[in-house]
Amino acid sequence: MRSDNPIMNQILDAYKPMWSLKHAISLMGWDFETYMPMEGTEERGVADSQLHVMYKDLLLNKEFIGLVESAKKLESLSDMEKGIIRVLNREIYKQIRIPKELTEAESLERIRGNMAWREARAKSVFRKYEPHLEKMIDIKKQIAEKIGYEKHPYDALLDTFEEDLTVDDLDKVFDALTPRIHKILKKLVDSNSPFCNESKLGKLRYDIQKVDDLNHNILALLQYDMKRFRMDVSTHPFTETMGLNDVRITTRYEGTDFKKSIFSTIHEAGHALYNLQCDQSLSVTPIEGGSSLGLHESQSRFWENIVGRSLPFVQLIAPLIRKHVSFANQATDDELYLYFNNVKADYIRVDADEVTYNLHIAIRYEIEKKIFGDELSVSEIPEFWNDRMEQLLGVRPTKDSQGVLQDTHWSSGLFGYFPTYTLGNLVSAIIASKIRKDLEDYEEDIKKGNFESIRKWLRLKIHQHGSVYAPKVLLSNTLNEGYNPNYFVTYIETKYLEC
Ligand code: MG
């Protein structure tokens, strides 16, 4: 991208080495999770932290900050230029306010805490991890104070993952969402809904090579351009973006319950499409890629759940499934549909279905809010967690690995991250409602495997903009909405209760 404004061009030129460092860090991160031999860990750790230091030095270089400061005063900037300044300014603001000692303390605790968490989870003993969680929370509280906030200390942390997101926003979301979803779940369970019957299809062992072929066939159906995209295998699936023309995803093969592999693939491919359909003029700028974690998750959830778990899509891929999964060769479309949409109130968030998923997030949100509001001590977390699980999902963890120890986020210092998963779900349902109104043949198109109009809609409304706009602004501009939970509740009610 070139600008009419010489200051903007200087900024873009100065940003190029920063972008290149990020490019290398992403590539190293992808390699770490996929192909790097195990013994390479320590050396990779050194290289990774050194590149981060170099990045921070370039970002906080006085001359560069001076350029960004002058650009803030410029009038008649385009939306793209304003977006670049907004994103850089946010990053500089946070990096300047957090003292080096705190950043170092956090990286050190991330390594130690993560190791302690792994051990504690394997033995299912929270006590072993407790002092590290205490330490990390203490560091995060200090960071929140340094960043600053208007109302709630947790706001400072939420904003790092979702620009301008506050406790006020999330209280509104969960107050409206949690009781209604809880009620729907109760209805499903009490009425012995067919969605609650576990399918035998999830229990049999599949041929990994054949399901890998199946996943690649599904990506081909979804029209992924393999010249700019690839898929590999890792324990925890993820998407990594090196640039707008090199986006990579991974999937997982556990040997049983093949829906997990298919829907991980579709989920990550949804993330990838956001970056692949970003306007190419934003390439090598600070605003290539998505507007926020919540909006990114809305794209993965849209493809995974709204499209992927819909009956027309199941009908589209059913012949492929029967061909690649030997024990499913007699399964009807309806049997596959019910297997893909099985609802089960259970302990583990990552395995949760779309009905119960947000209840898992509600619990984590309540806990994080209380921690940073000084309303809950670390030693009280496991009990509080189990109580809320029992109230909302009707199951009480009998060991810490089923409850408080299940997620890696806190050990990595990711406080404020969980709520973005729910925002993604809410926005995916808003998109579903709008897209159905705009595209007359939406369901027919899915059934026929014609995704061109859906992809185009997403590109024009969301993807092309990268992070030119902050998430709340983009939502309001293009969808005329905010993080409104009503669409999601209606979607769940219609799909699971009115069938
Ligand atoms: Mg995701």
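Residues numbered from 1 in each chain as written. Predicted model: local features only at pLDDT ≥ 70, side-chain atom pairs only at ≥ 80, totals over all residues. Heavy atoms only, no water.

1. Topic: the overall build of the chain
Here is step 1 of the chain: A count of helices and strands for the chain gives 20 helices and three strands.
Here is step 2 of the chain: Over its C-alpha trace the chain gives a radius of gyration of 23 Å, about what one expects of a compact globule, namely 23 Å for 499 residues.
Here is step 3 of the chain: On the principal axes, the C-alpha backbone points of the chain span a range of 65 × 50 × 45 Å.
Here is step 4 of the chain: Looking at the 499 residues of the chain, the share that counts as buried comes to 55%.
Here is step 5 of the chain: Summed over all atoms, the accessible surface of the chain reaches about 22,400 Å², with 50% contributed by carbon and sulfur.
Here is step 6 of the chain: Averaging the coordinates of the 65 positive side-chain charges in the chain and doing the same for the 77 negative ones gives two points 1 Å apart. (Helix = DSSP H or I, 4+ residues; strand = E, 2+ residues; numbered from the N terminus. Rg over C-alpha atoms; globule rule 2.2 N^0.38 Å. Buried < 20%, exposed > 50% of the residue type's maximum accessible area, 1.4 Å probe, protein only. Areas by Shrake-Rupley, 256 points an atom, 1.4 Å probe, with all protein chains shown as cover. Lys, Arg positive; Asp, Glu negative; His and termini not counted. Charge placed at Lys NZ, Arg CZ, Asp CG, Glu CD.)

2. Observations regarding the domain arrangement of the chain
Accessible area lost upon the coming together of the parts is a frequently used measure of interface size.
Here is step 1 of the chain: What the domain assignment lists for the chain is domain 1 (6-153) and domain 2 (167-496).
Here is step 2 of the chain: Computed from C-alpha coordinates alone, the two centres of domain 1 and domain 2 are separated by 26 Å.
Here is step 3 of the chain: Both faces considered, domain 1 and domain 2 share a buried interface measuring about 3,800 Å² in area, 66% of it formed by carbon and sulfur atoms.
Here is step 4 of the chain: Taken as a group, Trp 30, Phe 126 and His 152 account for 17% of the area that domain 1 buries against domain 2, more than any other trio of residues on that side.
Here is step 5 of the chain: The tally of links from domain 1 across to domain 2 stands at two salt bridges.
Here is step 6 of the chain: Residue Asp 168 is joined to Lys 151 by a salt bridge in which the shortest nitrogen-to-oxygen separation is 2.6 Å.
Here is step 7 of the chain: Seen at the junction of domain 1 and domain 2, the total is 19 residue pairs in polar contact (both at pLDDT 80 or more).
Here is step 8 of the chain: Among the elements of the structure, α1 (6-34), α4 (79-97), α5 (100-123) and α6 (130-147) are those that each provide at least two residues to the side of domain 1 that touches domain 2. (Domains from an automatic or database assignment. Buried area = accessible area lost by both parts, 1.4 Å probe. Salt bridge = Lys/Arg side-chain N within 4 Å of Asp/Glu carboxyl O. Polar contact = N/O pair within 3.5 Å; in protein donor to acceptor, adjacent residues only side chain to side chain.)

3. Concerning the coordination of the magnesium ion
Four donors placed tetrahedrally around a metal ideally meet at 109.5 degrees, and six donors placed octahedrally ideally meet at 90 or 180 degrees.
Here is step 1 of the chain: The magnesium ion binds to the protein through His 267 (NE2), His 271 (NE2) and Glu 297 (OE); the donor distances cover 2.3 Å.
Here is step 2 of the chain: Overall, His 271 belongs to the buried group, its relative accessible area being 11%.
Here is step 3 of the chain: The exposure class assigned to Glu 297 is buried, which follows from its relative accessible area of 9%. (Donors = N, O, S within 2.8 Å, 3.2 Å for Na, K, Ca; no water.)

4. Regarding the side chain of Ser 26
Here is step 1 of the chain: For Ser 26, the location among the structural elements is in helix α1.
Here is step 2 of the chain: Of the residues examined, Ser 26 reaches a relative accessible area of 14% and is grouped as buried.
Here is step 3 of the chain: Among residues more than four places away in sequence, those in contact with Ser 26 are Glu 240, Thr 241 and Met 242. (Contact = heavy atoms within 4.5 Å.)

5. Some words on α1
Here is step 1 of the chain: In this model α1 runs 42 Å from its N-terminal to its C-terminal C-alpha over 29 residues, within 8% of the 42 Å that 1.5 Å per residue would give.
Here is step 2 of the chain: Roughly 35 degrees is the biggest bend found in α1, and it falls at Lys 16, with proline Pro 17 one to four residues downstream.
Here is step 3 of the chain: The N-capping residue of α1, defined by a side-chain oxygen 2.9 Å from the backbone nitrogen of Ile 7, is Asn 5. (Expected span 1.5 Å × (residues − 1). Bend = angle between axes of the 7 residues up to and from the residue.)

6. So, unusual backbone geometry
Here is step 1 of the chain: A positive phi is found at Ser 124, a non-glycine position, where the angle reads about 60 degrees.
Here is step 2 of the chain: Among the secondary structure elements, Ser 124 is positioned in the loop between α5 and α6.
Here is step 3 of the chain: Overall, the relative accessible area of 17% leaves Ser 124 in the buried class.
Here is step 4 of the chain: At Asn 192, a residue that is not glycine, the phi angle is positive and equals roughly 55 degrees.
Here is step 5 of the chain: Here Asn 192 is to be found in the loop between α8 (167-190) and α9 (208-221).
Here is step 6 of the chain: Overall, the relative accessible area of 57% leaves Asn 192 in the exposed class.

7. Focus: the environment of Asp 168
Here is step 1 of the chain: On the secondary structure map, Asp 168 appears in helix α8.
Here is step 2 of the chain: Distance in space between the C-alpha atoms of Asp 168 and His 152 is 9.0 Å, their sequence separation being 16 residues.

8. As for the sheet that holds strand β1 (residues 229-233)
Here is step 1 of the chain: Read across the open sheet, the three strands follow the order β1-β3-β2; overall the sheet is mixed. Either end of the sheet is taken by a strand with one partner, and the two such strands are β1 and β2 (239-243). Neighbour to neighbour, the strand axes of the sheet diverge by 20 degrees on average, direction disregarded.
Here is step 2 of the chain: Note: β1 against strand β3 (residues 246-251), five bridges, orientation parallel. For Val 233, the partnering residue across the bridge sits in β3 and is Thr 251.
Here is step 3 of the chain: Its contacts with the sheet put α9 on β1 and β3, and the angle it makes with β1 is roughly 160 degrees. (Pairing = 2+ DSSP bridges. Axes fitted to C-alpha atoms, helices over the stretch in contact; angles between N-to-C directions.)

9. Focus on the pairing of β2
Here is step 1 of the chain: By the bridge criterion, four bridges tie β2 to β3 in an arrangement that is antiparallel. Bridging across to β3, Gly 243 finds its partner in Asp 246.

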